[in-house]
Amino acid sequence: MADISRPARPVILGQNQYGKAENRVVKITRDGATHHIKDLNVSVALSGDMDEVHYSGSNANVLPTDTTKNTVYAFAKEHGIESAEQFGIHLARHFVTSQEPIHRARIRIEEYAWERIEASDANSRFSGSDEVKHSFVRKGQETRLTQITYDGERWEVVSGLKDLVVMNSTNSEFWGYVKDKYTTLKEAYDRILATEVSGRWRFNWTDDEQRMPHWEKSYEQVKKHMLQAFAETYSLSLQQTLYQMGSRIINHRSEIDEVRFSLPNKHHFLVDLEPFGLKNDNEVYFAADRPYGLIEATVLRDGCEAKIPVDLTNL
């Protein structure tokens, strides 16, 4: 029987943070008649000497979340938005260095891309304007991501993307796998390989003494190498393709030490057309949205430590 006379173990506060999430900011840069768009969704999380607000409700060390929201919009004007990473670095540095109780800032940003609408050759004649340089259509390929964390001394920048759907209509096989009494899947020697890429990569830039990466160029190059690896790998498994995608990035981008992918296998099954007297020669497929295989792995530069969370939903 428990000793009810023993005092209970005291309750203590664990990890905590606060801030304003999902601040949507659109910055238009006007270069004469040519306009440029940066469209971001910015989430701010701050932590530090915040015990008392939890224990007693004292707000003496609390910077209001409304203030963090206002800072996002003010910084879009004061600093501009050269890149999602650079904008997040400005914000993180500001919150940690301007507020003594704040010891750590984490900035998460989603970026939505836009591309310029190409006007017809006869545009100016009919509209009465010069060449159209201010009309855009939202790109639908992927959402760009970044997370910047700063503790006053060291930086951690993890960037990435999600919702990038890719497909190889051939050059993919799947056979030689373990079979037991529940296995019904037939071996495939020519199949569709499709996935919706969710990826994160960690930069080895960690302090202000180092040369900062060119964030925009880095993103475009990482995406290029990732897609080239997907297209050029003759795949015997999605795991093999994932490893090649990560390896290509590590081998070509010296500023990146770690890549983590979460790749759902977007299954395409051949439709049985024999009941209709038709032969299906790898032409007609049923696209199944669920259930789906989910392949996840981290690819590292040799000698480096994995730091990207295994569960990407934490980013």
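For the structure, see preceding data.
Reading the values: rules and limits
- Residues numbered from 1 in each chain as written.
- Predicted model: local features only at pLDDT ≥ 70, side-chain atom pairs only at ≥ 80, totals over all residues.
- Heavy atoms only, no water.
- Core = buried A, V, L, I, M, F, W, Y, C linked by side-chain atoms within 4.5 Å.
- Buried < 20%, exposed > 50% of the residue type's maximum accessible area, 1.4 Å probe, protein only.
- Contact = heavy atoms within 4.5 Å.
- Phe/Tyr/Trp six-rings, centres within 6.5 Å; stacked < 30°, edge-to-face > 60°.
- Helix = DSSP H or I, 4+ residues; strand = E, 2+ residues; numbered from the N terminus.
- Lys NZ or Arg CZ within 6 Å of the ring centre and 35° of its normal.
- Expected span 1.5 Å × (residues − 1).
- 1 Å grid on protein atoms, 1.4 Å probe; cavity = no way out; pocket = protein on both sides within 12 Å on 5 of 7 lines; lining within 4 Å.
- Points joined across faces, edges and corners; volume = space filled by probe spheres on them.
- Nonpolar A, V, L, I, M, F, W, Y, C, P; charged D, E, K, R; others polar.
- Pairing = 2+ DSSP bridges.
- Axes fitted to C-alpha atoms, helices over the stretch in contact; angles between N-to-C directions.
- Patch = residues over 30% accessible without salt bridge, like charges linked within 9 Å, V, L, I, M, F, W, Y side chains within 5 Å.
- Areas by Shrake-Rupley, 256 points an atom, 1.4 Å probe, with all protein chains shown as cover.
- Salt bridge = Lys/Arg side-chain N within 4 Å of Asp/Glu carboxyl O.
- Lys, Arg positive; Asp, Glu negative; His and termini not counted.
- Charge placed at Lys NZ, Arg CZ, Asp CG, Glu CD.

Remarks on the nonpolar core
Residues Val42, Phe87, Ile107, Val197 and Phe261 are the most contacted members of the largest nonpolar core, which totals 52 residues. Residue contacts for Val42: discarding those within four places in its chain leaves Lys20, Ala21, Glu22, Asn23, Val25, Val72, Phe87, Leu91, Ile107, Arg108 and Ile109.

Observations concerning the packing of aromatic side chains
Counted by the stated rule, this structure contains seven aromatic pairs. Consider the rings of Trp155 and Trp205, whose centres lie 5.6 Å apart with planes at 25°: the pair is stacked. You can see Trp155 sitting in strand E7 (residues 155-168) and its partner Trp205 sitting in the loop between strand E8 (193-203) and helix H5 (215-232), a full 50 residues away along the chain. One aromatic cluster is present, formed by Tyr150, Trp155, Phe203, Trp205 and Trp215 through successive ring pairs. The aromatic ring of Tyr150 is capped on one face by Arg93, whose charged end is 5.9 Å from the ring centroid. If you follow Lys179 out to its NZ or CZ, it ends over the ring of Tyr177, 4.5 Å from the centre.

So, helix H3 (residues 84-98)
For H3, built from 15 residues, the straight-helix expectation of 21 Å at 1.5 Å per residue is met to within 8% by its first-to-last C-alpha distance of 21 Å. Those residues of H3 lying buried are Ala84, Glu85, Gln86, Phe87, Gly88, Ile89, Leu91, Ala92, Phe95 and Val96. Buried residues along H3 sit against strand E2 (34-48), helix H2 (65-78), strand E3 (102-112), strand E6 (143-150), E7 and H5.

Focus on the layout of surface pockets
Counted as a void, the largest pocket has a volume near 690 Å³. Lining the largest pocket are 22 residues, and of these Leu185, Lys186, Ala188, His268 and Phe269 lie nearest its centre. Contributing elements (two or more residues each) for the lining of the largest pocket: helix H6 (238-252), strand E10 (268-270) and strand E12 (293-300). Top contributing element to the lining of the largest pocket by residue count: E10, with three residues. When the residues that make up the lining of the largest pocket are grouped by side-chain class, the tally is 10 nonpolar, eight polar and four charged.

A look at the sheet that holds E8
Spatially, E1-E2-E3-E6-E7-E8-E9-E12 is the arrangement adopted by the eight strands of the open sheet, whose pairing is antiparallel. A single partner strand is all that each edge strand has here, and the edge strands are strand E1 (23-31) and E12. On average, each strand axis in the sheet is inclined to that of its neighbour by 20°, with strand direction left out of account. Relative to strand E9 (residues 256-265), E8 runs antiparallel, the two sharing seven bridges.

Some thoughts on a negative patch on the surface
Together, Asp49, Asp51, Glu52 and Glu100 give the surface a local cluster of negative charge. Turning to its location among the elements, Asp49 is positioned in the loop between E2 and helix H1 (51-55). Note on Asp49: relative accessible area 40%, which makes it partly exposed.

So yeah, pure geometry; function would need other evidence.
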